[in-house]
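Below, each chain spelled out in residue letters.
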Amino acid sequence: MQRSAPVDPTKMGVGKAIAVLTSGGDAQGMNAAVRATVRVGIYTGAKVYFVHEGYQGLVDGGDNIRQATWESVSMMLQLGGTVIGSARCQDFRSKEGRAKAACNLVKLGITNLCVIGGDGSLTGANEFRNEWSELLQILLKAGRTILHKEAKHSSHLNIVGMVGSIDNDFCGTDMTIGTDSALHRIMEVVDAITTTVQSHQRAFILEVMGRHCGYLALVTALACGADWVFIPEMPPDEGWEDHLCRRLTYQRSIGNRLNVIIVAEGALDHHGKPITCDIIKNLVTKKLSFDTRATILGHVQRGGTPSAFDRILGSRMGVEAVMALLEATPDTPACVVSLSGNMAVRLPLMECVQVTKEVTKAMAEGRFEEAVKLRGNNINIAIMNVGAPCAGMNAAVRSAIRIGILQGHSMLAVHDGFDGLAHGAIEPMTWGYVGGWTGKGGSNLGTKRSLPARMIEEISLNIAKFNIHALVIIGGFEAFVGGLELVTAREKYEELCIPLVVIPATVSNNIPGSDFSIGADTALNTITTTCDRIKQSAAGTKRRVFIIETMGGYYSNNNMCGYLATMAGLAAGADAAYIYEEQFGIHDLETNVEHLLEKMKTTVKRGLILRNEKCNANYTTDFIFNLYSEEGKGVFDCRKNVLGHMQQGGTPTPFDRNFGTKMGAKAVLWLTEKLKESGRIFANTPDSACVLVMKKRATIFQPLSDLKEDTDSEHRIPKTQWWLKLRPILKILAKYKISLDTSETATMEHVIKKRGTV
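Residues numbered from 1 in each chain as written. Predicted model: local features only at pLDDT ≥ 70, side-chain atom pairs only at ≥ 80, totals over all residues. Heavy atoms only, no water.

J.: Before we move on, could you go through helix 11 (residues 308-327) and cite the residues and values that matter?
T.: In this model helix 11 runs 29 Å from its N-terminal to its C-terminal C-alpha over 20 residues, within 8% of the 28 Å that 1.5 Å per residue would give. Within helix 11, 19 of the 20 residues are buried, which leaves it mostly tucked inside the rest of the structure. (Helix = DSSP H or I, 4+ residues; strand = E, 2+ residues; numbered from the N terminus. Expected span 1.5 Å × (residues − 1). Buried < 20%, exposed > 50% of the residue type's maximum accessible area, 1.4 Å probe, protein only.)

Structure, rendered in structure tokens:
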């Protein structure tokens, strides 16, 4: 990030025009990116145009290029696919076709183009930009096609790309728009099919998309605890057929009624021969006589409602794309807006495309290791859940236990949190015990909110009795505070001088130091889906405002975190989201009511207001409902919903399954290294008791003691919270006239330098 002189964001786009198009295969979340591009573009004072039907619409012009309005992108957030259309275009591949496209843009004064698509679409955009001057000369020589003053006004073209692809196959970004939603579709099918397959004791083979990229297959396998996965980047070793059969036979022998095999559509063996569902089905049926079923998902993966993650990702990318376009100069290379960890970054478009194509080339030539590159002692480790249950906890436990067993450790389960540790509710865990845990919500180990300070002596005795050498604590704010209490007690109790790691797992996402917590994504999707249904119910009844109360203190009067309300507001297109962290008064409520009264005069005759449960002791949900109802009389009526416990339950999303799996594995591998470093099991340094946090672009182990200064213990929230910077975006997208801080912007990075020589 670099700081620049503050500018008035509402004047940045004055006199400029931006066109946005979607190209190539559709992906859920594209509409969120289009919506954000349009609304932020209008907010900056720019004219924004839709280009319908991708590059074909750019070439054909006419009604295919239309000016967008604030209202024209309303109700787009929850729609899958791309509302403005996408089409394959042979015309744009020729210089004549690109000249027609250039003419259409010049006539409308458009010099900024935002392209949402895959590497082919972005490559085409870059070529268009590179030959822009040449195309203008062709048009000028053609006579009256364009005027000299038009050519002078449109002397250069700025290009910014966003990657929309369900395969997550674009180098330079951690996640492409549409991938998370595709995983949702896949996991819905897996969860539905496995129940019937398990009933009949069958083997289940699922083919997912991924001709050249195995991301969907690999993450699906992690998320559902599959027995085997085939991906293009890593062909199985010779003799894989026998190995697979031995694996499936063993699983049946230990009582598992279900076998799951995930196959990417582009899976190959080392000789380049395809590995298909039919080949695997015939193998398992003939060799093992297992009742086997195969399912090819196909385009189901592209369909349906976008997940909350993709809506927020598309929105954030859209904002960054507009800023990149308006800050660009003739010397700025075409860039692609990417996600690195939890940060939006700008990367040179063609560097990313080059690395992406090198991966494909390496795989085509059989250099699989290069393609992937481009993409102990008897130790007892105890694992426990602390605080309120949340989706994804079980995935973290399963991963930690199985990685620990693979490392040669003895893994112990502690039931019912610190109470169980104090009362000896501890038992050894086996590989098979945690089978099928990944997709289960809640906490199979049991969890309580009790803190250890009042029973520290009993805990220390049991750590010695059960010979516990390291501790993994998975949970929310109580897990964080409990870890601190154990560290403090080390001065008195030598038994507590063991390495420990806290893995954040809470729907509130209020652990100091960490951008994300396990469980928050599932809760966010639950809220977003509910808001979608509530908004849909107003489709036939105009002029209605819904007030929704989200969690953020249900289990404690002091938990004030407004993460869920803010992010759900962004994902669902809310008009306002009241939270504790951003204090509000009667003047703010009055402003919001007036905003809705004005909104009812437009074609968008509905409103959505979110309120964090503990945001204000006096301005309760009932108070806000009554206020809005009274002030809106004759213009709109109100309804209210309190979501309550439903935000904590449900099947974990693919993000939470995958995140929990990675965090559990990282925690145990870190503890293993800590124990190897010390040479003996005694740890009392600050860096031996850490929180595993997701911070900006990396997962790091941060000492618990270092995070005390960043903790508001009274209100159970961190003092600094990254997502508060997204609050202005929520308001801008709801058409409030507020200022956007543009002093800190993403700098252009180089993906090739970052990754090394390809």
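From this point, things continue past the structure.
J.: Lay out the sheet that holds strand 6 (residues 158-163) in plain terms, naming residues and giving numbers.
T.: Spatially, seven strands are ordered 4-3-2-5-6-11-12 in an open sheet, and the strand pairing comes out mixed. Edge positions in the sheet fall to strand 4 (65-67) and strand 12 (343-348), since each of these pairs with one other strand and no more. The average angle at which neighbouring strand axes cross in this sheet is 25°, direction not considered. Bridge analysis of strand 6 against strand 11 (residues 335-340) gives three bridges, and the strand direction is parallel. Looking at strand 11, one finds that Met162 is bridged to Val337. (Pairing = 2+ DSSP bridges. Axes fitted to C-alpha atoms, helices over the stretch in contact; angles between N-to-C directions.)

J.: For the UniProt feature "binding site: Mg(2+)" (unreviewed entry) in the chain, give the residues involved together with the corresponding values.
T.: UniProt's feature table lists "binding site: Mg(2+)" (unreviewed entry) at Asp119, given in the numbering used throughout. Residue position: Asp119 is located in helix 4 (residues 119-130). Not counting chain neighbours up to four residues away, the residues in contact with Asp119 comprise Phe170, Val353, Thr356 and Lys357. (UniProt positions renumbered as here; feature names shortened; annotations may be inferred. Contact = heavy atoms within 4.5 Å.)

J.: Account for the packing of aromatic side chains, naming residues and giving values.
T.: For any pair of aromatic rings, the description rests on two quantities: the centre-to-centre distance and the angle between the ring planes. Overall, the coordinates contain 16 aromatic pairs when judged by the stated rule. For the pair Trp228 and Phe230, a centre-to-centre distance of 6.1 Å together with 35° between the ring planes defines the contact as tilted. Phe230 shares its class with Trp228; the two are buried. Three or more aromatic residues link up through ring pairs in this structure, and these residues are Phe309, Phe516, Phe655, Phe659 and Trp722. Above the ring of Phe290, the side-chain terminus of Arg252 is found at 4.0 Å from the ring centroid. (Phe/Tyr/Trp six-rings, centres within 6.5 Å; stacked < 30°, edge-to-face > 60°. Lys NZ or Arg CZ within 6 Å of the ring centre and 35° of its normal.)

J.: Outline empty space enclosed by the protein, listing residues and values.
T.: Within this model, the second largest cavity holds a volume of roughly 50 Å³. As for the second largest cavity, its lining consists of Met162, Val163, Thr173, Met175, Thr176, Ile177, Leu313, Met317, Val337 and Ser338. Secondary structure elements with two or more residues in the lining of the second largest cavity: strand 6, helix 11 and strand 11. Here the residues of the lining of the second largest cavity are counted per class, giving seven nonpolar, three polar and no charged. (1 Å grid on protein atoms, 1.4 Å probe; cavity = no way out; pocket = protein on both sides within 12 Å on 5 of 7 lines; lining within 4 Å. Points joined across faces, edges and corners; volume = space filled by probe spheres on them. Nonpolar A, V, L, I, M, F, W, Y, C, P; charged D, E, K, R; others polar.)

J.: If you had to explain helix 4 to someone new, which residues and values would you point to?
T.: Taking 1.5 Å per residue as the helical rise, helix 4 with its twelve residues ought to reach 16 Å, and the 16 Å between its terminal C-alpha atoms agrees with that figure. If you check which residues of helix 4 are buried, you get Ser121, Leu122, Thr123, Gly124, Ala125, Asn126, Phe128 and Arg129.

J.: Lay out the domain arrangement of the chain with the relevant residues and their values.
T.: The assigned domain composition of the chain is domain 1 (17-176 + 306-359), domain 2 (180-301), domain 3 (379-505 + 652-718) and domain 4 (520-648). Taken together, the six residues of domain 1 in the interface contact four residues of domain 3. Our count for the contact surface shared by domain 1 and domain 3 stands at zero salt bridges. Our count for the contact surface shared by domain 1 and domain 3 stands at two residue pairs in polar contact (both at pLDDT 80 or more). Counted by class, the side of domain 1 that touches domain 3 contains three nonpolar, three polar and no charged residues. (Domains from an automatic or database assignment. Salt bridge = Lys/Arg side-chain N within 4 Å of Asp/Glu carboxyl O. Polar contact = N/O pair within 3.5 Å; in protein donor to acceptor, adjacent residues only side chain to side chain.)

J.: Give a detailed account of the pairing of strand 2 (residues 17-22), specifying residues and quantitative values.
T.: Within strand 2, six of the six residues are buried, which leaves the element mostly enclosed by the surrounding structure. Pairing geometry for strand 2 and strand 3 (residues 47-51), over five bridges, is parallel. When the bridges of strand 3 are listed, Leu21 appears paired with Val51. Summarising the sheet, strand 2 and strand 5 (residues 112-117) pair through five bridges and their orientation is parallel. Among the inter-strand pairings, Ile18 is bridged to a residue of strand 5, identified as Asn112.

J.: Residues and numbers for the side chain of Asn525, please.
T.: By the secondary structure assignment, Asn525 is in helix 18 (residues 520-537). Within the local environment of Asn525, its side chain forms a polar contact with the backbone nitrogen of Ala308, the two atoms lying 2.9 Å apart.

J.: Describe unusual backbone geometry, and please don't skip the residues or the numbers.
T.: Positive phi, close to 55°, is recorded for Asn509, a residue that is not glycine. Structurally, the position occupied by Asn509 is in the loop between strand 18 (500-504) and helix 18. In this model, Lys735 sits at a positive phi of 75°, which is unusual for a non-glycine residue. Tracing the backbone through its elements, the reader meets Lys735 in the loop between helix 24 (727-733) and strand 27 (744-745). Exposure remark for Lys735: the relative accessible area of 43% places this residue in the partly exposed category.

J.: Which residues make up the packing of helix 9 (residues 240-253) against helix 10 (residues 277-288), and what are the values?
T.: Running from amino to carboxyl end, helix 9 crosses helix 10 at an angle of 60°, the nearest separation of the two axes being 11 Å. Relative to helix 10, helix 9 is oriented so that their crossing is right-handed. On helix 10, the residues touching Trp240, Glu241, Asp242, Leu244, Cys245, Leu248 and Thr249 of helix 9 are Ile280, Leu283, Val284, Lys287 and Leu288. Taken together, the residues of the contact of helix 9 with helix 10 sort by class into eight nonpolar, one polar and three charged. (Left-handed = near helix turned anticlockwise from the far one by under 90°.)

J.: Summarise the packing of helix 11 against helix 18; cite the residues concerned and give the values.
T.: Packing of helix 11 against helix 18 leaves a shortest axis separation of 8 Å and a crossing angle of 85°. Taken together, the axes of helix 11 and helix 18 are roughly perpendicular relative to one another. Within the contact between the two elements, helix 11 uses Ala308, Phe309, Arg311 and Ile312 and helix 18 uses Asp521, Leu524, Asn525, Thr528 and Asp532. For the contact of helix 11 with helix 18, the class distribution of residues is four nonpolar, two polar and three charged. (Parallel < 35°, antiparallel > 145°, perpendicular 65-115°, else oblique.)

J.: Hey, could you go over the pairing of strand 13 (residues 380-386) for me, with residue numbers and the actual values?
T.: Counted residue by residue, strand 13 has seven buried out of seven residues, so it is predominantly covered. Pairing of strand 13 with strand 14 (residues 410-414) involves five bridges; the strand directions are parallel. Looking at strand 14, one finds that Ile383 is bridged to Ala413. After leaving strand 13, the chain enters helix 14 (residues 393-406) and then returns to the sheet as strand 14, a path that is right-handed. (Right-handed = clockwise from strand over helix to strand, strands pointing away.)

J.: Describe the environment of Thr430, listing the residues and the values that go with them.
T.: Looking at where Thr430 falls in the secondary structure, it is placed in the loop between strand 15 (426-428) and strand 16 (447-448). The class of Thr430 is partly exposed, set by a relative accessible area of 47%. A C-alpha to C-alpha distance of 8.1 Å links Thr430 and Arg402, two positions 28 residues apart in sequence. Discounting residues that sit within four places of it in the chain, Thr430 has contacts with Ile401 and Ile405.

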